[in-house]
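# Coordinate inspection notes
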Amino acid sequence: MTTQSATPAGSLNEQIRETLRQRRAQAPKEVLKVLQRASDQLAQSNLGSRFLKEGDLAPDFTLPNARTVSVRLGDLLRRGPVVVSFYRGAWCPYCNLELRALQAALPQIRSLGAALVAISPQTPDHSLSTAEKNALEFEVLSDVGNRVAREYGLVFTVPQELRPVYQTWGIDLPKHNGDTSFELPVPATYIVGADRIIRLAFADLDYTRRLEPATIIAALSA
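Presented here is an overview of the structure given in this document. (Residues numbered from 1 in each chain as written. Predicted model: local features only at pLDDT ≥ 70, side-chain atom pairs only at ≥ 80, totals over all residues. Heavy atoms only, no water.)

For the coordinates displayed, the defined rule picks out six aromatic pairs. Taking the centre distance of 6.3 Å and the plane angle of 90° together, the rings of phenylalanine 86 and tyrosine 190 count as edge-to-face. Here the residue phenylalanine 86 occupies a position in strand β3 (residues 82–86), and tyrosine 190 occupies one in strand β8 (residues 188–192), the gap between them amounting to 104 residues. Relative accessible area serves as the criterion here: at 1%, phenylalanine 86 is assigned to the buried category. (Phe/Tyr/Trp six-rings, centres within 6.5 Å; stacked < 30°, edge-to-face > 60°. Helix = DSSP H or I, 4+ residues; strand = E, 2+ residues; numbered from the N terminus. Buried < 20%, exposed > 50% of the residue type's maximum accessible area, 1.4 Å probe, protein only.)

Within helix α5 (residues 124–133), the full set of buried residues consists of Pro124, His126, Ser127, Thr130 and Ala131. All buried residues of α5 lie within an arc of 160° about the axis, which places them on one face of the element. In α5, the exposed positions angled more than 90 degrees off the buried face are occupied by Asp125 and Glu132. Taken together, the buried residues of α5 touch β1 (62–64), α4 (93–111), β4 (115–120), β5 (139–142) and α8 (173–177). One or two residues past the end of α5 sits alanine 135, with phi positive at roughly 50°. (Arc of directions from axis to C-beta. Contact = heavy atoms within 4.5 Å.)

Once that is clear, we can look at the side chain of serine 120. For serine 120, the position within the fold is in strand β4. Serine 120 gets classed as buried once you look at its relative accessible area, which sits at 1%. The contact partners of serine 120, leaving out residues within four places of it in the chain, are Tyr87, Arg88, Gly89, Ser127, Leu141, Ser142 and Asp143.

Before going further, it helps to spend a moment on helix α1 (residues 12–26). Here α1 spans 22 Å end to end across 15 residues, near enough to the 21 Å set by a 1.5 Å rise per residue. For α1, the full list of buried residues reads Leu12, Asn13, Ile16, Thr19 and Leu20. Viewed along the axis of α1, the buried residues span an arc of 120°, placing them on a single side of the element. Elements that come into contact with the buried residues of α1 comprise α4 and α9 (213–221). (Expected span 1.5 Å × (residues − 1).)

What follows deals with the state of the cysteines. The tally for this structure, following the rule as stated, stands at zero disulfides. Between cysteine 92, a free cysteine, and cysteine 95, which holds the nearest cysteine sulfur, the sulfur-to-sulfur gap is 3.1 Å. (Disulfide = S-S within 2.5 Å.)

For the pair serine 120 and leucine 76, spaced 44 residues apart in sequence, the C-alpha to C-alpha distance is 18 Å. Separated by 3.1 Å, the side chain of serine 120 and the backbone nitrogen of glutamine 122 make a polar contact. (Polar contact = N/O pair within 3.5 Å; in protein donor to acceptor, adjacent residues only side chain to side chain.)

Function cannot be inferred from these measures alone, as they are strictly geometric.
So this is what it looks like as structure tokens:
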């Protein structure tokens, strides 16, 4: 996991914290306890030791975009570095905040010769909805079954206790993801060089912590 400096006003993580505060204020105490137990369980796992890190070779992949056209990492890398962002799904408010922040930073990312792709386990139909809802101009890819996320060491299973909470919130993971595994990726962001070496890696078991786009811009500039 990368280390970031103090969060600037109006930053992505500041927006996330405010959204989190509002949601916690509205949630029943028992739901908050379930969420905390799930977070503690994930924090105590050894999943973090499997995350790919800076200096590792990024696995190549080919995934369908929102319109089911195949996109290959290796092809994108021929034109320059690629920012790869794994997110949980359109149902996650923190992911939507991150996707919109990445869209705002897209002109700078492209001006530095880089491409940007976002990956989730959602089906292409749900990826299309995500792209349209957030007016995204970068590729939104579907990693059904979390095959690619697994190669990056990011996959975990949503605890049984948490699944009814998701359902009460209208989150139907089997419908979104096209399977019944209840697996999700830890949100993560990588900058992959043309040689497929990871230049920057950020993954945090706390899904409310995300990499600031300003950090991405700084890394690409360097």
